[in-house]
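Okay, here's what each chain looks like letter by letter:
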Amino acid sequence: MNAMVGHPLDADAITGRDLADRLAPPRSDVSGRDHEATRRILYVTSEMTDFVKSGGLGDVSAALPRSLRQQYDVRVLIPGYRQVTSAESEIRVVARLAAAHGLPACELGRIDSPDGLTIYVILCPDLYDREGSPYGDANGLDWFDNDLRFARLGLAAAQLAGGLDDLGWQPDLLHLNDWPSSLASAYLAWAGSTVPSVLTIHNLAYQGLFDRTRLPTLGVPDNAFQIDGVEFYGKLSFLKAGIQYASHVTTVSETYAQEITTPEFGCGLDGLLRRRADEGRLTGILNGIDESWDPRTDGHLDNPFSHLDWKGKRANADDVRRDFGLAVSRGPLFAVVSRLVHQKGVDLAIESTETIVRQGGQVVVTGRGEERLETALEILAQRYPGQVGVRIGFEEVQARRMFAGSDFLLMPSRFEPCGLSQMYAQSFGSLPIARETGGLADTIEDGVTGFLFRDPSLAALLGAVYRAVDAFKSRKQLNTMRRAAMTQNFRWTRSASGYAGVYGRALGQTAAG
Ligand code: ADP
Ligand code: GLC
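Residues numbered from 1 in each chain as written. Chains lettered and ligands numbered in written order. Predicted model: local features only at pLDDT ≥ 70, side-chain atom pairs only at ≥ 80, totals over all residues. Heavy atoms only, no water.

A. Representation of the site of ligand 1 in the model. Among the 17 residues in the neighbourhood of ligand 1, the closest are listed as Gly56, Asp59, Arg339, Lys344 and Leu420. At 3.1 Å from an oxygen atom of ligand 1 is found a main-chain nitrogen or oxygen belonging to serine 421. Coverage of ligand 1 by the protein amounts to 92% of the 560 Å² it exposes when considered alone. Put simply, the parts of the chain that give the shell around ligand 1 at least two residues each are helix 2 (56–68) and helix 15 (421–427). Its residues placed into classes, the shell around ligand 1 shows five nonpolar, six polar and six charged. Among the domains, domain 1 (39–288 + 493–512) and domain 2 (311–489) are the pair contributing at least three residues each to the shell around ligand 1. (Near = heavy atom within 4 Å. Polar contact = N/O pair within 3.5 Å; in protein donor to acceptor, adjacent residues only side chain to side chain. Areas by Shrake-Rupley, 256 points an atom, 1.4 Å probe, with all protein chains shown as cover. Helix = DSSP H or I, 4+ residues; strand = E, 2+ residues; numbered from the N terminus. Nonpolar A, V, L, I, M, F, W, Y, C, P; charged D, E, K, R; others polar. Domains from an automatic or database assignment.)

Set out below in structure tokens:
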């Protein structure tokens with residue numbers, strides 16, 4: 001056992017906290033609720049759209065904790081990346097986290113967001129204060145010390161769970177997300193803690209694999225390095241550690257929860273996940289989208305619109321065409337808004353472009369990622385000037401305008417744990433054309449709110465593209481489908497009640513909350 005969890009605090013190291021805050025009981029965010037009854041959840045994440053995101057996890061981490069505040073005292077824990085420490089929000093230092101093994105001591109900061117969410121920040125400039133994404137440098141190369149950076153995150157979560165005497169707040173449960181925070185559940189187990197943890201897998205393909213020589217530095221006991229522990233084909237796997245030691249595992253759609261128990265989608269962890277499923281400890285809970293995804297009120301759009309009036313949608317389409325340098329057209333406009341990676345089937349989307357253009361369609365693409373895909377897209381734009389527009393990079397406002405202006409979203413993902421873009425698109429009246437897998441299968445109704453195909457092949461994708469073009473030609477069918485897509489309920493409240501059920505079980509309660 002090690003002593004790092006629950007390490008007593010050095011009181012002198014706590015600065016910037018006023019006395020009232022020290023003496024106050026844990027604050028509930030729910031006015032009028034009984035403080036004792038409100039369970040405390042620490043939501044541990046490596047990205048949050050308030051500050052920085054590389055994909056959907058950032059959006060989920062910004063929305064889900066806020067939605068859960070109806071029922072719980074939820075606070076967020078995030079590394080102090082430069083995007084966090086240089087944001088407008090004031091950061092007060094509220095505690096000191098002790099060093100352990102090769103992981104440095106550091107301070108814990110606190111941000112109170114304008115809407116009252118408490119966000120704890122790990123202030124460790126040596127690990128986090130860098131120019132780049134949460135995971136790598138500007139060229140997309142992983143940081144060389146990601147094991148230390150995210151072990152520090154997991155350890156901080158476990159230290160909070162162990163109790164930081166002067167903090168005045170101690171979580172009853174940790175909610176971990178993906179490999180970067182997974183090690184927290186292992187640190188809890190190795191310290192003999194009884195605090196439960198829930199691990200949400202947003203993407204099984206990213207596992208956080210590191211060399212076994214790193215075990216002592218990270219504080220991983222030798223006897224945990226075995227097949228029923230954290231070992232994965234000779235490497236240390238952060239994600240496997242999370243799946244082994246968390247009280248409950250969730251993933252972000254029901255279909256993906258089943259898929260990951262099969263060799264095809266299980267990324268080598270399907271055996272362990274099958275065991276969890278058999279034990280009733282693997283649950284699929286679909287993500288939601290937040291209220292800002294309403295084309296009547298979204299301030300980023302120059303032309304608001306609703307499912308009862310398409311004038312605004314047409315004006316948005318014209319703006320997107322102008323913005324991407326496309327020719328004036330009344331043909332269908334297809335959009336791709338995506339991380340440019342193999343998972344997303346961007347290569348299939350590229351191959352389908354020739355057919356789309358021959359059918360009188362146009363294509364706009366934004367995103368960044370693998371160099372070979374970025375280059376292929378730039379070549380595509382040069383080959384079809386006026387019909388294909390490409391912007392390498394990512395800007396939230398532009399993404400929203402593309403969802404609002406396009407008729408169809410191309411999302412031929414090879415696998416998709418949940419996917420948010422297809423829900424954003426539907427809310428903005430853009431019909432997704434997607435592979436029937438994971439969350440895409442759970443959020444798109446074929447021929448009603450979008451178009452699904454089965455095989456991850458060009459022929460199958462083109463079959464769906466032809467059906468979409470046919471629907472476009474019949475204005476009536478197009479508008480009926482758009483209305484069906486726009487009036488769906490993808491709100492977070494539904495997902496929040498799913499998590500309440502899982503938390504309740506992990507906390508040993510029969511009823512949720
Ligand atoms: P994933 O998380 O696998 O990328 P999702 O569909 O769940 O897929 O989430 C995508 C989210 O990330 C959307 O908000 C989308 O607009 C945004 N996004 C897409 N491409 C990028 C990018 N290159 N950088 C940052 N965010 C992106
Ligand atoms: C991952 C998945 C995506 C999911 C997102 C948020 O990035 O690839 O499908 O929507 O996480 O859960």
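B. Broad picture of the nonpolar core. In this structure, Leu77 and Leu108 are the most contacted members of the largest nonpolar core, which totals 132 residues. Of all the elements, helix 5 (residues 146–162) adds the most residues to this core, at ten residues. Split by domain, the residues of this core number at least three in each of domain 1 (39–288 + 493–512) and domain 2 (311–489). Those residues in contact with leucine 77 that sit more than four places away from it in its chain are Leu42, Tyr43, Val44, Thr45, Leu108, Tyr120, Ile122, Leu153, Ala156, Ala157 and Leu160. Ranked by size, the runner-up nonpolar core spans 35 residues in total, among them Ile350, Ala381, Ala460 and Ala471. (Core = buried A, V, L, I, M, F, W, Y, C linked by side-chain atoms within 4.5 Å. Buried < 20%, exposed > 50% of the residue type's maximum accessible area, 1.4 Å probe, protein only. Contact = heavy atoms within 4.5 Å.)

C. Looking closely at the side chain of arginine 482. Note that arginine 482 resides in helix 18 (residues 475–486). Reaching out from arginine 482, the side chain makes a polar contact with the side chain of asparagine 479 at a distance of 3.3 Å. Setting aside residues up to four positions removed in sequence, arginine 482 forms contacts with Trp310, Lys313, Asp407, Gly429, Leu431 and Arg475.

D. Seen up close, helix 17 (residues 458–473). When the terminal C-alpha atoms of helix 17 are compared, their 22 Å separation across 16 residues agrees well with the 22 Å that a helix rising 1.5 Å per residue should span. Regarding helix 17, the residues found buried are Ala460, Leu461, Leu462, Ala464, Val465, Ala468, Val469, Ala471 and Phe472. Looking at the buried side of helix 17, the elements it contacts are strand 13 (333–337), helix 12 (346–358), strand 16 (408–411), strand 17 (431–435), strand 18 (451–453) and helix 18. (Expected span 1.5 Å × (residues − 1).)

E. Just the pattern of salt bridges, in detail. Across all of its chains, the model carries 31 salt bridges by this definition. Three or more residues joined by partner-sharing salt bridges are found here, namely Lys53, Asp59, Asp298, Glu396 and Arg400. (Salt bridge = Lys/Arg side-chain N within 4 Å of Asp/Glu carboxyl O.)

F. Fine view of the domain arrangement of the protein chain. The assigned domain composition of the protein chain is domain 1 (39–288 + 493–512) and domain 2 (311–489). Each side of the interface is counted separately: domain 1 has 22 residues, and domain 2 has 19 residues. Buried area between domain 1 and domain 2, summed over both chains or domains, comes out near 1,400 Å², and the portion from carbon and sulfur atoms is 54%. Connecting domain 1 to domain 2 are one salt bridge. One salt bridge in this structure joins lysine 53 and glutamate 396, with 3.0 Å as the shortest N-O distance. At the surface where domain 1 touches domain 2, the tally comes to ten residue pairs in polar contact (both at pLDDT 80 or more). (Buried area = accessible area lost by both parts, 1.4 Å probe.)

G. Looking closely at the side chain of glutamine 422. Along the chain, glutamine 422 falls in helix 15. Within the structure, the side chain of glutamine 422 is placed 2.8 Å from the backbone oxygen of glycine 419, a separation counted as a polar contact. Separated by 3.1 Å, the side chains of glutamine 422 and threonine 443 make a polar contact. Residues within four places of glutamine 422 in sequence aside, it is in contact with Leu409, Met411, Pro432, Gly439, Leu440, Thr443 and Ile444.

H. Local environment of the packing of helix 12 against helix 17. At a closest axis distance of 10 Å, the pairing of helix 12 and helix 17 adopts a crossing angle of 45°. Between helix 12 and helix 17, the angle falls in the class oblique. Our pair here, helix 12 against helix 17, has a crossing hand that is right-handed. Across from Leu348, Ala349, Glu351, Ser352, Thr355 and Ile356 in helix 12, the residues of helix 17 making contact are Leu458, Leu461, Leu462, Val465 and Tyr466. Of the residues in the contact of helix 12 with helix 17, the class split is eight nonpolar, two polar and one charged. (Axes fitted to C-alpha atoms, helices over the stretch in contact; angles between N-to-C directions. Parallel < 35°, antiparallel > 145°, perpendicular 65-115°, else oblique. Left-handed = near helix turned anticlockwise from the far one by under 90°.)

I. Quick look at the pairing of strand 13. Among the five residues in strand 13, five count as buried, and that is most of the element. Of the two faces of strand 13, the one holding Leu333, Ala335 and Val337 and the one holding Phe334 and Val336 are both buried throughout. Relative to strand 14 (residues 362–367), strand 13 runs parallel, the two sharing five bridges. In the strand pairing of strand 14, phenylalanine 334 is matched with valine 363. Handedness of the crossover is the feature at issue here: the chain leaves strand 13, passes through helix 12, returns alongside strand 14, and the resulting connection is right-handed. Strand direction decides the pairing type here: strand 13 and strand 16, joined by two bridges, are parallel. When the bridges of strand 16 are listed, phenylalanine 334 appears paired with phenylalanine 408. (Pairing = 2+ DSSP bridges. Right-handed = clockwise from strand over helix to strand, strands pointing away.)

J. Spotlight on the site of ligand 2. Surveying the vicinity of ligand 2 reveals 14 residues, the closest of which are His202, Asn287, Glu416, Cys418 and Gly419. In this structure, an oxygen atom belonging to ligand 2 sits 2.6 Å away from a side-chain N or O atom of histidine 202. Within the contact set of ligand 2, an oxygen atom lies 3.2 Å away from a side-chain nitrogen or oxygen of glutamine 343. Its residues placed into classes, the shell around ligand 2 shows six nonpolar, six polar and two charged.

K. A look at the confidence of the model for the protein chain. For the protein chain, per-residue confidence averages 92 on the pLDDT scale, and residues scoring 70 or more make up 92% of the total. Ignoring residues within four places in sequence, the model shows residues 1–36, a span with pLDDT below 50, making 68 contacts including any to other chains. (pLDDT = per-residue confidence, 0-100.)

L. Structural context of the sheet that holds strand 6 (residues 173–177). On the basis of which strands lie adjacent, the open sheet formed by nine strands has the order 3-4-5-2-1-6-7-11-12 and mixed pairing. In this open sheet, the two edge strands, each paired with only one partner strand, are strand 3 (92–97) and strand 12 (282–284). Each strand of the sheet is rotated relative to its neighbour by a mean of 25°, with strand direction disregarded. Where strand 11 (residues 248–251) meets strand 12, three bridges bridge the pair, whose relative direction is parallel. Within strand 12, the residue paired with threonine 250 across the bridge is threonine 283. Sitting on the sheet, helix 6 (residues 178–190) touches strand 1 (40–44), strand 6 and strand 7 (197–201), and the angle it makes with strand 6 is about 145°.

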